[in-house]
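Inside the fold
Chain by chain, the residues run as shown.
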Amino acid sequence: MLGPVILAASRSDRMRRLISAAPVTKQVVDRFIPGENVDEIVPIIEDLTGKGLELTMDVVGEDITTPGQAAAARDAYLELIDRLKPLELGTRAEMSVKLSMFGQALDGGHELALANVRPVVEAAAAIGTTVTLDAEDHTTLDSMFAIHEELRKDFPQTGCVIQAYLFRTEADARRLAASGSRVRLVKGAYKEPAEVAHQQKTEIDKAYVRILRTLMEGDGYPMIGSHDPRIVSIAQELARRAGRKLDEYEFQMLYGIRGEEHLRLAAEGHRMRVYTAYGTDWYGYFMRRLAEKPANLQFFVRSMLGNG
Ligand SMILES: Cc1cc2nc3c(=O)[nH]c(=O)nc-3n(C[C@H](O)[C@H](O)[C@H](O)COP(=O)(O)OP(=O)(O)OC[C@H]3O[C@@H](n4cnc5c(N)ncnc54)[C@H](O)[C@@H]3O)c2cc1C
């Protein structure tokens, strides 16, 4: 019940100002977003990869309003890639990007986002790694898939994300599986209307399993983006039935959520990639994490009250 309310609040400027300014917010934010800049995040990258985990790095920020901000977002990723170079992690540290942050919602946004993301994909390839395009709200997806297809002409390893809650996703999954893509499957984190998306958790979970089967049986590389223990074990079973080896799919979870499970899966020999977000424009990302789990919100509100 609370999830949609929080997701609506995540679009409100007034709430953004209120929550961002609250003194206690930072402590709660740190659980999910463990750094504000490259200097703070590099030791975390070294620590997590040293524990046998792989990473996908997200520079937070999505509601940009000028081409200059989109260019700054591109430059933030280029700076990160530059800092990753001497670590020689290859595909153990890849990048996740939101095209909205690269200008997708501005005038001429499709071309602008493509022009901004291409140098990031090129720079990632130059250090032996790759980029995955995150999925945002459903109105952005045709553009995202078109950019994905365009980038794959030169960089076939470029990945994309599909969301099980959307009705369109079963068809998207069949297309992407046949084309041999890297595809992260998630349940979906945005507030979507009933015309385009399942609203009930059981329906979303069932769709997730159907889509995952398509990906596992296809020619691509499935990336299972979920913390749900049932999804994790179903994924293992589907991979076994499809005859996939441990390095022919991977699990992905968010930094700060079920950390012990990250280590357990990695210790079992699975590829386990931790989605690690950093930066100062964390509001949208943080609010989606609150919406996913009421306990997070309770903890946040208690901290606010306790700390005045
Ligand atoms: C690597 C990765 C990348 C993602 N990329 C995208 C994207 O590009 N686009 C998009 O729309 N969504 C994305 N998401 C978010 C996703 O859509 C879901 O909102 C989120 O993963 C919660 O769903 P779940 O599969 O973990 O299952 P749920 O059924 O929601 O949760 C299962 C269990 O996981 C734990 N859990 C889940 N979420 C939280 C939380 N916030 N805090 C604490 N515990 C939690 C709880 O124990 C919960 O019972 C991504 C998720 C992951 C893991």
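**What to know about the packing of helix H9 (residues 201–217) against helix H10 (residues 229–241)**
- Closest axis-to-axis distance for the H9/H10 pair is 10 Å, and the angle between their directions is 25°. On the basis of their axis angle, the class for H9 and H10 is roughly parallel. The chirality of how H9 crosses H10 is right-handed. Facing Asp205, Tyr208, Val209, Leu212, Arg213 and Met216 of H9, the residues of H10 in contact are Arg230, Ile231, Ile234, Ala235, Leu238 and Ala239.
- Broken down by class, the residue content of the contact of H9 with H10 amounts to nine nonpolar, no polar and three charged.

**So, the packing of aromatic side chains**
- By the definition in use, this model includes five aromatic pairs.
- Centroid distance Phe32 to Phe286: 6.4 Å. Interplanar angle 55°. Geometry classified as tilted. In this pair, Phe32 sits in helix H3 (residues 25–32) while Phe286 sits in helix H12 (residues 283–292), placing the two residues 254 residues apart along the sequence. The burial state of Phe32 is the same as that of Phe286; both residues are buried.
- Taken together, a centroid distance of 5.7 Å and an interplanar angle of 85° make the contact between Trp282 and Phe286 edge-to-face.
- Judged by its relative accessible area of 11%, Trp282 is buried.

**Looking at the domain arrangement of the chain**
- Looking at the assigned domains, one finds that the chain contains domain 1 (1–33 + 282–303) and domain 2 (53–278).
- With 15 residues of domain 1 at the interface, the matching set in domain 2 holds 15 residues.
- Both faces considered, domain 1 and domain 2 share a buried interface measuring about 1,300 Å² in area, 55% of it formed by carbon and sulfur atoms.
- Counting across the domain 1 and domain 2 interface gives one salt bridge.
- Here Glu62 makes a salt bridge to Arg288, at a shortest N to O gap of 2.8 Å.
- Here domain 1 and domain 2 share two residue pairs in polar contact (both at pLDDT 80 or more) between them.
- Listed by contribution, the elements that provide at least two residues to the side of domain 1 that touches domain 2 are helix H1 (2–9), H3 and H12.
- When residues in the side of domain 1 that touches domain 2 are grouped by element, the largest group, five residues, is from H12.

Thresholds, definitions, all that
- Residues numbered from 1 in each chain as written.
- Predicted model: local features only at pLDDT ≥ 70, side-chain atom pairs only at ≥ 80, totals over all residues.
- Heavy atoms only, no water.
- Axes fitted to C-alpha atoms, helices over the stretch in contact; angles between N-to-C directions.
- Helix = DSSP H or I, 4+ residues; strand = E, 2+ residues; numbered from the N terminus.
- Parallel < 35°, antiparallel > 145°, perpendicular 65-115°, else oblique.
- Left-handed = near helix turned anticlockwise from the far one by under 90°.
- Contact = heavy atoms within 4.5 Å.
- Nonpolar A, V, L, I, M, F, W, Y, C, P; charged D, E, K, R; others polar.
- Phe/Tyr/Trp six-rings, centres within 6.5 Å; stacked < 30°, edge-to-face > 60°.
- Buried < 20%, exposed > 50% of the residue type's maximum accessible area, 1.4 Å probe, protein only.
- Domains from an automatic or database assignment.
- Buried area = accessible area lost by both parts, 1.4 Å probe.
- Salt bridge = Lys/Arg side-chain N within 4 Å of Asp/Glu carboxyl O.
- Polar contact = N/O pair within 3.5 Å; in protein donor to acceptor, adjacent residues only side chain to side chain.

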